[in-house]
Amino acid sequence: MSSTLTSVILEIDEHNEDLAEEIDVEAAGPNPPVTFYPPLFLQRRIWILDILRRESIVDVLDVGCGEGQLLSVLAQPAPWLAPPPDTWFPDRRSNVDLKYKPDRPNLHPHRIAGLDISSHDLEFTVQNTAPPSKDEEEDAFQYSLRVTRWEDLVVKVWKGGLQTINEEFVGVECIVCTEVIEHLPPEILPALAPALLGVYQTERLLLTTPSYTFNERFTRPNAPRSARLRDAYADPTGRTERMFRHSDHKFEWTPAEFTAWCREAADEWGYDIEELGGVGRPLEDDPWGRDEELGDASLVVVFRRKEDGQQGARAERARNVLRDLTLDSEPHELLAEHQHKAHDAAQQRPTADSVKLIGDAIKSKMESFREAIIPLEQMWFEQDVSALCGGYIEVMIWAVEEYEGLDLLKAEDGAKEWSIELVGGVKNPMVIWSEENSLDLIPPDWIPGQDPEDVSDEEEDFSSPSSTGADGDVSWNGSEIEEPDATLTKDGSEEHATWKESWDEARGWGAAAWGEPKQEWGKTQEWGAVTREEDLSVLEI
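All values reported here derive from a predicted model rather than from experimental measurement.

Peer 1: Sorry if this is basic, but what is going on with helix α13 (residues 393–402) here?
Peer 2: Three or four residues apart is the spacing at which side chains of an α-helix point the same way, because the helix has 3.6 residues per turn. In terms of burial, α13 is largely enclosed, as 10 of its 10 residues are buried. Within α13, burial applies to Ile393, Glu394, Val395, Met396, Ile397, Trp398, Ala399, Val400, Glu401 and Glu402.

Dropping the structure here:
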């Protein structure tokens, strides 16, 4: 016999330990749905990559690199080099702007490094950042576009703790530390700012961490502690009554606490706060209208170094601070160093003969393809053509403009891709459609959206478990650790995120999660000034 059970639960509130609430447990109902798209770890990664592109950063250290998800992206070659100077193109007949997609710059890293304490994760980092073998390159060229490397890249993978100073990291242009700080034990946390900001004196530090305030979004208002503990983890340090998203989290900060820590660290080590906000808003509106109050799922900050001439003194003081902490610190171990070599023709300056050489090559390709008009980028990925251009797509644009037999079809509104036209067309253009009715060409058992070539006379079972993770996982699980499977909700579905992450144990403090221009879901949320910062105690969390 069912009955409505009303329980009086003595709820220990973080701000009022004497609070006692009467809660109708059975009437509480299910937790509200929380869906992130793209997944939260991708939103953080996009935020990072946007900044690296915008600032043209070429030297990156990923502290807490985990399995190398960010580093593996940075290790991919850009499709073409950054634009050469205009002085390379004197006496031009055309005044067309040669710069191609200036509002969508590529990444051009020259040096990247990763640091983590997990040997297991770093095995994947070493593998994911290694140069492709000759067989792998041939397979890639056979089944996809031929992306040629036009710039040298050095990758180093290190094992060790952030409390140990690595002299190779001093002066690195940018440090990324995403979803790491909350995993640091209480004795290690005080070393983060002195090491990354004080000793290394990086130009920029990009840091993210979960927002404790957002955790309420995963439950109904006034949910009892017993109900929340089913989907969360109690503070493992025992310092607070808070409940966290991951079993290895040593703390989670509110936006106000995060702001206080950031400002204190910036003032102490000579930095400005260039950006302070958050990423990650659910697709659904909160049924109780708490979206603005609870904010974003992840808090983000960009530290920018002040150029005031005091960097040397601060670095020495930071070394003394770390020495006084008397932490165990083994020297970092270099697990791998990868050398990605550029194409032999990379960065070669055009000569007086370049227009004819490049123009003849493009004309020959178009005639062999029997194409009178071809997309500019399709021609660029013909390696023998791009090699003649030294890896500069602007050199190819210049050659097309100057060559007598070619025209550049430039989309002025930016809505379409640029194309190359062969003047006079081709003698035997490619026939796209036969004289038959196009409907006659459709296989009888074709399903809309399916490649007709995939239709088979015999049905085969290609069923597989639903894919999650990077393939479109709408779960936000794995905000710290990118996990292939979503945590199931109470009804067994994978439709929505749950509070609690599914892995039973943490995989090191550095299992970091990590683009394209920001969409509305990735809009950075700004906060106002913190009231009475002197009253905020970062350690009392």
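Peer 1: So what exactly am I meant to see when it comes to the sheet that holds strand β10 (residues 271–279) here?
Peer 2: Strand pairing in a sheet takes place through backbone hydrogen bonds and is either antiparallel or parallel in direction. Read across the open sheet, the 8 strands follow the order β10-β11-β7-β6-β3-β4-β5-β12; overall the sheet is mixed. What marks the edges here is a single partner per strand, and that holds for β10 and β12 (333–340). Neighbour-to-neighbour, the strand axes of the sheet open up by a mean angle of 15°, direction not taken into account. Sheet topology note: the strand β7 (residues 204–210)/strand β11 (residues 298–305) ladder contains 7 bridges and is antiparallel. In the sheet register, leucine 206 faces β11, and the bridge partner there is valine 302. Contacts between helix α5 (residues 189–199) and the sheet are confined to β3 (59–63), β6 (174–178), β7, β10 and β11, with β7 contributing the most and set at about 150° to the helix. Together, β7, β10 and β11 form the strand contacts of helix α7 (residues 255–269), whose direction differs from that of β11 by roughly 15°.

Peer 1: In this structure, what is going on with the nonpolar core? I would like to understand it.
Peer 2: Across soluble globular proteins, nonpolar side chains have a tendency to be buried as a group. If you look at the biggest cluster of nonpolar residues, it comprises 40 residues, and the most contacted ones within it are Ile181, Leu192, Leu207, Trp261 and Phe303. Here this core takes 8 residues from α5, the largest share from any one element. Beyond its immediate sequence surroundings of up to four residues, leucine 207 is in contact with Trp47, Cys177, Ile181, Leu192, Phe258, Trp261, Leu299, Val300 and Val301. Ranked by size, the runner-up nonpolar core spans 39 residues in total, among them Trp150, Met366, Ala411 and Trp418.

Peer 1: In this structure, what is going on with the packing of aromatic side chains? I would like to understand it.
Peer 2: Given two aromatic rings, their pairing is described by the distance between the two centres and the angle made by the two planes. For the coordinates displayed, the defined rule picks out 14 aromatic pairs. Plain terms: the ring middles of phenylalanine 36 and phenylalanine 214 are 6.0 Å apart, the flat faces sit at 40° to each other, and that makes the pair tilted. Taken together, the residues span a long stretch of sequence, with phenylalanine 36 in the loop between β2 (21–23) and α1 (40–54) and phenylalanine 214 in the loop between β7 and α6 (225–229) at a distance of 178 residues. Comparing phenylalanine 36 with phenylalanine 214 shows no difference in burial state: the two are buried. Taking the centre distance of 4.6 Å and the plane angle of 35° together, the rings of phenylalanine 251 and tryptophan 253 count as tilted. Overall, the relative accessible area of 1% leaves tryptophan 253 in the buried class. Taken together, the ring pairs in this structure connect Trp80, Tyr100, Trp150, Trp380 and Trp418 into an aromatic cluster. Just above the ring of tyrosine 212 sits the side chain of arginine 242; from NZ or CZ to the centre is 4.3 Å.

Conventions and cut-offs
- Residues numbered from 1 in each chain as written.
- Predicted model: local features only at pLDDT ≥ 70, side-chain atom pairs only at ≥ 80, totals over all residues.
- Heavy atoms only, no water.
- Buried < 20%, exposed > 50% of the residue type's maximum accessible area, 1.4 Å probe, protein only.
- Helix = DSSP H or I, 4+ residues; strand = E, 2+ residues; numbered from the N terminus.
- Pairing = 2+ DSSP bridges.
- Axes fitted to C-alpha atoms, helices over the stretch in contact; angles between N-to-C directions.
- Contact = heavy atoms within 4.5 Å.
- Core = buried A, V, L, I, M, F, W, Y, C linked by side-chain atoms within 4.5 Å.
- Phe/Tyr/Trp six-rings, centres within 6.5 Å; stacked < 30°, edge-to-face > 60°.
- Lys NZ or Arg CZ within 6 Å of the ring centre and 35° of its normal.

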